[in-house]
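Secondary and tertiary structure notes
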Amino acid sequence: VQLQASGGGLVQAGDSLSLSCAASGDTFRSYTVAWFRQAPEKEREFVAAIKRSQGSTYYADSVKGRFTISRDNAKNTVYLQMNSLKPEDTAVYYCAADTGTILSTIRDIRGYDHWGQGTQVTVSS
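Conventions we followed
Residues numbered from 1 in each chain as written. Predicted model: local features only at pLDDT ≥ 70, side-chain atom pairs only at ≥ 80, totals over all residues. Heavy atoms only, no water. Pairing = 2+ DSSP bridges. Helix = DSSP H or I, 4+ residues; strand = E, 2+ residues; numbered from the N terminus. Axes fitted to C-alpha atoms, helices over the stretch in contact; angles between N-to-C directions. Salt bridge = Lys/Arg side-chain N within 4 Å of Asp/Glu carboxyl O. Buried < 20%, exposed > 50% of the residue type's maximum accessible area, 1.4 Å probe, protein only. Phe/Tyr/Trp six-rings, centres within 6.5 Å; stacked < 30°, edge-to-face > 60°. Lys NZ or Arg CZ within 6 Å of the ring centre and 35° of its normal.

Quick word on the sheet that holds strand β3 (residues 17-23)
- Pairing within the open sheet is antiparallel, and its four strands lie in the order β1-β3-β8-β7. Both outer strands of the open sheet, β1 (3-6) and β7 (67-72), are each paired with one neighbouring strand and no more. When strand polarity is set aside, the average angle formed by the axes of neighbouring strands in this sheet is 15°.
- Direction of pairing for β1 relative to β3: antiparallel, over a ladder of four bridges. Each residue of the ladder has a partner; that of Gln4, found in β3, is Ala22.

Here it is as structure tokens:
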């Protein structure tokens, strides 16, 4: 599968932004999809994930209650709705996907073999 992330931009603190991760291929519904982010000089960190079956969702504590991940398998797209954005949310956001992700690795970058190119999100104070 190939992934294309989009929707990033420059916003002010408190604003909202919606990211999209569009996937190629007709087996998208078989993939667990996640969003990770990487700020300058920091390691890539888990943001949110949505499982392939039943669509269970998982969030980092830092975004819980503000971000919502969802998927539309008919459109081969996963979304990340980001509300109440903070300057510390500033990062490059990457989407990732894998068919074999298990619960113990769903928050781990090693749980995903397929990655998109990233989209920049900048939140000004």
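After presenting the structure, the write-up continues.
Considering the pattern of salt bridges
- Taken as a whole and judged by the stated rule, the model has five salt bridges.
- Between Arg37 and Glu45 there is a salt bridge, with its nearest N and O atoms 2.7 Å apart.
- Between Arg66 and Asp89 there is a salt bridge, with its nearest N and O atoms 2.8 Å apart. Residue Arg66 is located in the loop between β6 (57-59) and β7, and its partner Asp89 is located in the loop between β8 (77-82) and β9 (91-98); the two are separated by 23 residues in the primary sequence. Taken as a pair, Arg66 and Asp89 share a single burial class, namely buried.

Regarding the packing of aromatic side chains
- On inspection of all chains with the given rule, the structure shows four aromatic pairs.
- Ring centres of Phe36 and Tyr112 lie 5.5 Å apart, and the angle between their planes is 75°; this geometry places the pair in the edge-to-face category. With a gap of 76 residues between them, Phe36 in strand β4 (residues 32-38) and Tyr112 in the loop between β9 and β10 (114-115) connect regions that are remote in the sequence.
- Through pairs of rings, three or more aromatic residues link up here, namely Phe36, Phe46, Tyr112 and Trp115.
- Over the face of the ring belonging to Tyr94 we find Arg44, whose NZ or CZ atom lies 3.7 Å from the ring centre.
- It is Arg71 that lies over the ring of Phe28; its NZ or CZ is 4.8 Å from the centre.

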